[in-house]
Amino acid sequence: MISIVYIIGVSLTVALLLGVSWWSGRKVKDARSFMTGGNAGSLLVGGALLGTLAGGQSTIGTAQLAFCYGWSAWWFTIGAGIGAAVLGLVYAARIRKSGCSTLLEILGKEYGKTAETVGSLLSMIGIFISIVAQVLAAAAMISTLFSIDMVTAAVAGAMLIMLFVLFGGIRSAGVSGLVKMLLLFCCSLVAGGVVLAAAGGFGGLYTALVGVLRSETVCSVNDMAGVDDLHERFGSLFARGVFKDMGGCISLILGVLATQTYAQCIWSARSDRHARRGALICAACIPLIGAACTLVGIYMRGHYVTEEEMAAMRAAGEVLPQQMGVIQNSAQAFPAFIQLHLPAWLGGIMLGTLLVNVIGCGSGLSLGAATIMVRDVFDVLSRRAGKMSQLLLTRCSIVAILALAVVVALVAGGAFINDLGFLSLGLRAVAILFPLSFALWCPGTFRPRGVLLSMLTGTAAMLIAKFTTMPGDAVYYGLAASLAVLLAFKK
């Protein structure tokens, strides 16, 4: 049970960000300003992008993956940073000049309403998976902080996400994202600095790993042959295999370009220049945040075992070394580090920042998903409704999406948070990236029927590869199938 100091720090931080979200959302008068803003400067654009990209997957998920695989966990934020840079430098001006307010609208203008609707539904699958990951991360944080069960924690997390965006839309995501960007960046630097100081540098990190991995049981649970595998597992950027780790990075880069949530941040800018600069601010910050979270995960691996590993050690007759601790699971690596290795007042602020980080990312994704639902899936209904009715419909969609996300999160509670992120962004990329890119740069090149088949085939190929034993990362199969079908229907 955490102390009252932690609870006060968390509560004040959450209240600060929610207050900023409410204050900035007072200017929202209709659905258009709720969804796209339209007058944001570079810092607000960067804040909105970082607020949705650097969520539970980039922080808690990265530390979790680093706890198990070391530096290969960094690929999530490396890919996110490259994707943000490409979005700003290559895609921003094009999508802003399209005259559309969603990426799927661009597809609809080029390939017809059917392609737009199908693309919307396929994109929704990917975005929804990422929302589930944010709910999982929020539930892990809340259950740790307040010692409540996962069901209650998941519901509480979803409600906080809902409140964060419901009355502010993309404008609140930008202003609160800017504040969160500063808090998160500072907290990450502090965490990384504390890790290196406590470990005595990078060498100390690996010395501690040797201590915990002397246990044959711990190595067996983690599919390691022994200490000899240490550098290959924790010191390599490709611990899970070159094709898998690079596939994850590619999923992030391309998924950022094909996601409505991030495009909305670009549309919210007051000019192409502000959109570009905002994207580059995000691109510069997010890999540094990921590096700090990776350090935390590696540090925790050298000093703690999970409850599953502890049970296996007891069954094998092994005794936990005196200097080792126990955490519930790998997802608790970052929250547990803050609770156990930082002063209470600082830990409370950092835990609150992490919680708001997860909530802010979930709010941005939920807003993007709701925008697709209203503008693309419920297009006929929204056209008949007035502007305030569209706003109400968007808010109701957010509520429904988050309610379903809670149910799915509770069913899939044992998954790696970052693996859900890789799958989510990869699905978005294979569904619409190639048709979208050709629509922006080479209009009139492909037949609408080919585009429709390309989206369906690419998504199916990726899902089949994901849930079978096919070698490499599933995103390769999805991208190859999507492009092959598209080229077969060239005019």
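Residues numbered from 1 in each chain as written. Predicted model: local features only at pLDDT ≥ 70, side-chain atom pairs only at ≥ 80, totals over all residues. Heavy atoms only, no water.

What follows concerns the overall build of the protein. On a plain count of helices and strands, the protein comes out with 23 helices and two strands. Relative to its 491 residues, the protein shows a buried fraction of 61%. Within the protein, counting contacts between residues at least 6 apart in sequence, those at least 24 apart form 84% of the total. In the form shown here, the protein has an accessible surface area of approximately 18000 Å², with 66% of it arising from carbon and sulfur atoms. (Helix = DSSP H or I, 4+ residues; strand = E, 2+ residues; numbered from the N terminus. Buried < 20%, exposed > 50% of the residue type's maximum accessible area, 1.4 Å probe, protein only. Contact = heavy atoms within 4.5 Å. Areas by Shrake-Rupley, 256 points an atom, 1.4 Å probe, with all protein chains shown as cover.)

Here the focus is the confidence of the model for the protein. In the predicted model, the protein carries a mean pLDDT of 84, and the fraction of residues at 70 or more is 88%. Of all the helices and strands in the protein, helix H2 (residues 31-36) carries the lowest mean pLDDT, 44, while helix H5 (residues 75-96) carries the highest, 96. Contacts from residues 28-37, a stretch scored under 50 in pLDDT, to residues over four places away or in other chains number 38 contacts. Note on residues 169-174: pLDDT under 50 across the span, and 23 contacts to partners over four residues away in sequence or across chains. (pLDDT = per-residue confidence, 0-100.)

Note that Ala-400 resides in helix H20 (residues 387-411). Classification of Ala-400 as partly exposed rests on a relative accessible area of 47%. For the pair Ala-400 and Ser-366, spaced 34 residues apart in sequence, the C-alpha separation works out to 9.9 Å.

So, on to the packing of aromatic side chains. A full pass over the atoms with the stated rule returns seven aromatic pairs. Where Phe-438 meets Phe-446, the ring centres are 4.7 Å apart and the plane angle is 70 degrees; that geometry is what we call edge-to-face. Just above the ring of Tyr-69 sits the side chain of Arg-240; from NZ or CZ to the centre is 5.4 Å. (Phe/Tyr/Trp six-rings, centres within 6.5 Å; stacked < 30°, edge-to-face > 60°. Lys NZ or Arg CZ within 6 Å of the ring centre and 35° of its normal.)

A cluster of nonpolar side chains, Ile-4, Val-5, Ile-8, Leu-12, Trp-345 and Ile-349, forms an exposed patch at the surface whose accessible area comes to about 600 Å². Secondary structure elements with two or more residues in the nonpolar patch: helix H1 (4-24) and helix H18 (344-377). Broken down by element, the nonpolar patch gets its largest block of residues, four residues, from H1. By secondary structure assignment, the location of Leu-12 is in helix H1. (Patch = residues over 30% accessible without salt bridge, like charges linked within 9 Å, V, L, I, M, F, W, Y side chains within 5 Å. Salt bridge = Lys/Arg side-chain N within 4 Å of Asp/Glu carboxyl O.)

Attention now goes to the nonpolar core. Ranked by size, the top nonpolar core spans 155 residues in total, and within it Leu-103, Ile-106, Ile-131, Met-300, Phe-334 and Phe-337 carry the most contacts. It is helix H7 (residues 113-146) that contributes the most residues to this core, 18 residues altogether. Ignoring sequence-local partners within four residues, the contact set of Ile-131 consists of Leu-365, Ser-366, Ala-369, Ile-401, Leu-402 and Ala-405. (Core = buried A, V, L, I, M, F, W, Y, C linked by side-chain atoms within 4.5 Å.)

The topology assignment puts Cys-68 in helix H4 (residues 57-69). With relative accessibility at 9%, the residue Cys-68 sits in the buried group. Residues Cys-68 and Arg-233 lie 165 residues apart in sequence; the distance between their C-alpha atoms is 8.4 Å. Discounting chain neighbours no more than four positions away, the residues touching Cys-68 are Arg-233, Phe-234, Ser-330 and Phe-416.

Take the pattern of salt bridges next. Inspection of the entire model under this criterion finds five salt bridges. The partner of Glu-309 in a salt bridge is Arg-301, and the shortest N-O contact between them spans 2.9 Å. Take Glu-309 and Arg-301: they sit in the same class, and that class is buried. Salt bridges linked by common partners bring Arg-240, Asp-245 and Asp-419 together as one network.

This part is about helix H6 (residues 103-111). Listed as buried for H6 are Leu-103, Leu-104, Ile-106, Leu-107, Gly-108 and Tyr-111. Phi for Gly-112, located one or two positions after H6, is positive at around 105 degrees.

On to the side chain of Thr-459, then. Position of Thr-459 among the secondary structure elements: in helix H22 (residues 448-466). Dropping the residues within four chain positions of it, Thr-459 is found in contact with Leu-122, Leu-427, Val-430 and Ala-431.

Before going further, it helps to examine the packing of H5 against helix H21 (residues 417-441). Axis separation between H5 and H21 bottoms out at 14 Å; the angle between their running directions is 20 degrees. As far as their axial angle goes, H21 and H5 are roughly parallel. In this structure, H5 meets H21 at a crossing whose hand is left-handed. In this structure, H5 contributes Phe-76, Val-90, Tyr-91, Arg-94 and Ile-95 to the contact, and H21 contributes Asn-418, Gly-421, Phe-422, Leu-425, Leu-433, Ser-437, Leu-440 and Trp-441. Grouping the amino acids of the contact of H5 with H21 by side-chain chemistry returns nine nonpolar, three polar and one charged. (Axes fitted to C-alpha atoms, helices over the stretch in contact; angles between N-to-C directions. Parallel < 35°, antiparallel > 145°, perpendicular 65-115°, else oblique. Left-handed = near helix turned anticlockwise from the far one by under 90°. Nonpolar A, V, L, I, M, F, W, Y, C, P; charged D, E, K, R; others polar.)

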